[in-house]
Amino acid sequence: MLLLWVSVVAVPALAAPDPGAGGQRRGAARVWPVAPNVVLVVSDSFDGRLTFYPGSQVVKLPFINFMKAHGTSFLNAYTNSPICCPSRAAMWSGLFTHLTESWNNFKGLDPNYTTWMDIMEKHGYRTQKFGKLDYTSGHHSISNRVEAWTRDVAFLLRQEGRPMVNLIPKKTKVRVMEKDWKNTDRAVNWLRKEASNYTQPFVLYLGLNLPHPYPSPSSGENFGSSTFHTSLYWLKKVSYDAIKIPKWSPLSEMHPVDYYSSYTKNCTGKFTEKEIKNIRAFYYAMCAETDAMLGEIILALRQLGLLQKTIVIYTSDHGELAMEHRQFYKMSMYEASAHVPLLVMGPGIKANLQVPNVVSLVDIYPTMLDIAGAPLLQNLSGYSLLPLSSEMYKFKNLHPPWILSEFHGCNVNASTYMLRTNQWKYIAYSDGTSVLPQLFDLSSDPDELTNIATQFPEVTYSLDRKLRSIINYPKVSASVHQYNKEQFIRWKQSIGQNYSNVIANLRWHQDWLQEPRKYESAIDRWLKTPTNPKKI
């Protein structure tokens, strides 16, 4: 087991020449004497705050801790869109969401898009992928699609099941998420039977579904993927006493977009403290199982003598609210949803280093090209992470002091834009005027409970100007609004006379069937309105 060798295995840096004076470049030519292998493990829905104090106290994550001790952890890493497909499209393209136009969970990159893995293959790397990809399409249900398209319609409908927990009462049940374990086994077998025999460097990708909540029954109150599911084996890894019960604003005081999200996620009802604590405990247990799969990869590399020749990267597509801000799932710019883990270890990577700089998933693309010694494309939104984490770089401040995240999908009734800087988190909506923005000082309000946008108008104005210099967000919002209408009209025409019956029996059926004409009329009015983001 890892614990037997964690204290003696080190990941030594390899000596390398100074990268030179290219201080403004987004990366540099390969500086390793021998090209390292690369393993990228990407989970789903993992709250990045669990990888450092105090979040790290709530659940045992030995392999993440091993990576922290022997590598670099980024304390402020963010998704570029807090939902599966758009986030992964950004990661695999190196481009912000408004550039990929991956607006929702079924609109991603073109299948023939040149990814960082394609470029690494052209530069001599053997490549392999296992598990969840979801960067071309998330293959989500018709209901998910219609919910995203109709987010501007003036109605409120519950789209998810009430979050719940489900326990396997076995202390010995380790493999709860069987599909993820099978993909992990496939990756380990590939390392043992193929990669270990290569004379060329390799890059391996493993995508996990955990700790994403599990699907709930398709009928009744619990529908969608709202079940937090684990076994006693993993639940014992959680420290119940350390679980924090999040503070909630009264429903009447919630930001209008937050209220819409909470309502559509079926979270505006009453929850006992025990319910909330159990949901969070089960989620943390699912994170522990995820950590164990990461561990299988690390152990295999060590057993094969490849660990000191391989750069290992662990991250996630987004986080999980787990009942913070009266929500579960993601689709939010709050920390639990948007903050992701990002850990890197291997040859040339600094050990036991915590980087406070803000970074994001678009930085994966140039980082991979930097490792491979491939020329960095000039149109990328991201920057190589190596200057912040490698022993081999003299210049450390190439990355700008901000990151951008966007959201345009379901459960949120306005396009959302986050600009995160060292101290501030600024969140703008829609056209910038029809919905009030949010401003949080994360240095004094880490739980994001107090919107101070009106209290600090100069800061709000300055950050909004900076945001508009990066993205013309009112124009992007209008484009998404037009796209949603066009897609909905095509879908409606495709089902013809069955439209009324089909739309009434999507995931919102419990509410819709009470007043079907009311909701159909609301859609008709929406379709007739000019193409401008709806005022909330």
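Heads up: these notes are all about the structure in this document. Everything numeric here is computed off the predicted structure, so don't read it as measured data. (Residues numbered from 1 in each chain as written. Predicted model: local features only at pLDDT ≥ 70, side-chain atom pairs only at ≥ 80, totals over all residues. Heavy atoms only, no water.)

## Thoughts on the layout of surface pockets
Right, so step 1: The volume enclosed by the largest pocket comes to roughly 710 Å³.
Right, so step 2: What lines the largest pocket is a set of 28 residues, among which R49, P54, G55, K244 and D447 lie closest to the centre.
Right, so step 3: The set of elements that each furnish at least two residues to the lining of the largest pocket consists of β2 (71–78) and α10 (273–303). (1 Å grid on protein atoms, 1.4 Å probe; cavity = no way out; pocket = protein on both sides within 12 Å on 5 of 7 lines; lining within 4 Å. Points joined across faces, edges and corners; volume = space filled by probe spheres on them. Helix = DSSP H or I, 4+ residues; strand = E, 2+ residues; numbered from the N terminus.)

## Regarding the sheet that holds strand β12 (residues 416–420)
Right, so step 1: Strand order in the open sheet made by the four strands is β11-β12-β13-β14, with antiparallel pairing throughout. Across the chains shown, the open sheet's two edge strands, defined by having one partner strand only, are β11 (403–407) and β14 (438–441). Strand-to-strand, the axes of this sheet are offset by a mean angle of 15°, without reference to chain direction.
Right, so step 2: By the bridge criterion, five bridges tie β11 to β12 in an arrangement that is antiparallel. (Pairing = 2+ DSSP bridges. Axes fitted to C-alpha atoms, helices over the stretch in contact; angles between N-to-C directions.)

## Thoughts on the nonpolar core
Right, so step 1: In this structure, L191, F202, I297 and L301 are the most contacted members of the largest nonpolar core, which totals 85 residues.
Right, so step 2: By size, the runner-up hydrophobic cluster in this structure holds 41 residues, among which are V42, V203, Y205 and I364. (Core = buried A, V, L, I, M, F, W, Y, C linked by side-chain atoms within 4.5 Å. Buried < 20%, exposed > 50% of the residue type's maximum accessible area, 1.4 Å probe, protein only.)

## A word on helix α12 (residues 364–372)
Right, so step 1: Within α12, nine of the nine residues are buried, leaving the element largely enclosed by the surrounding structure.
Right, so step 2: Among all positions of α12, only I364, Y365, P366, T367, M368, L369, D370, I371 and A372 are buried.
Right, so step 3: Just downstream of α12 lies G373, where phi reads positive at about 75°.

## Regarding the side chain of N183
Right, so step 1: Inspection of the secondary structure assignment puts N183 in helix α7 (residues 178–193).
Right, so step 2: One polar contact links N183 to R186, side chain to side chain, over a distance of 2.9 Å.
Right, so step 3: Beyond its immediate sequence surroundings of up to four residues, N183 is in contact with F130, G131 and L206. (Polar contact = N/O pair within 3.5 Å; in protein donor to acceptor, adjacent residues only side chain to side chain. Contact = heavy atoms within 4.5 Å.)

## Focus on helix α3 (residues 84–93)
Right, so step 1: Most of α3 sits inside the fold, with ten of its ten residues counted as buried.
Right, so step 2: Looking at α3, one finds that the buried residues are C84, C85, P86, S87, R88, A89, A90, M91, W92 and S93.
Right, so step 3: After α3 finishes, the residue G94 shows a positive phi value of roughly 75°.

## Comments concerning empty space enclosed by the protein
Right, so step 1: Counting across every chain of the model gives four cavities of 30 Å³ or more.
Right, so step 2: Of the pockets and cavities examined, the largest cavity occupies roughly 110 Å³.
Right, so step 3: Of the residues that constitute the lining of the largest cavity, the class distribution is nine nonpolar, five polar and one charged. (Nonpolar A, V, L, I, M, F, W, Y, C, P; charged D, E, K, R; others polar.)

## Re the packing of aromatic side chains
Right, so step 1: In the structure shown here, the tally under the stated rule is 27 aromatic pairs.
Right, so step 2: When the centroid spacing of 5.7 Å and the interplanar angle of 80° are considered together, the rings of F155 and W508 count as edge-to-face. Of this pair, F155 sits in the loop between α6 (142–149) and β4 (164–168) while W508 sits in the loop between α16 (499–504) and α17 (509–512), and the two are 353 residues apart along the sequence. Summarising the burial analysis for this pair, F155 and W508 share the class buried.
Right, so step 3: Seen from their ring centres, Y233 and W234 are 4.8 Å apart, and the 85° between their planes marks the pair as edge-to-face.
Right, so step 4: Note on Y233: relative accessible area 28%, which makes it partly exposed.
Right, so step 5: What links up through ring pairs into an aromatic cluster is the set F228, Y283, Y284, F328 and Y329.
Right, so step 6: When the ring centre of Y198 is taken as reference, the NZ or CZ atom of R126 above it lies at 4.0 Å. (Phe/Tyr/Trp six-rings, centres within 6.5 Å; stacked < 30°, edge-to-face > 60°. Lys NZ or Arg CZ within 6 Å of the ring centre and 35° of its normal.)

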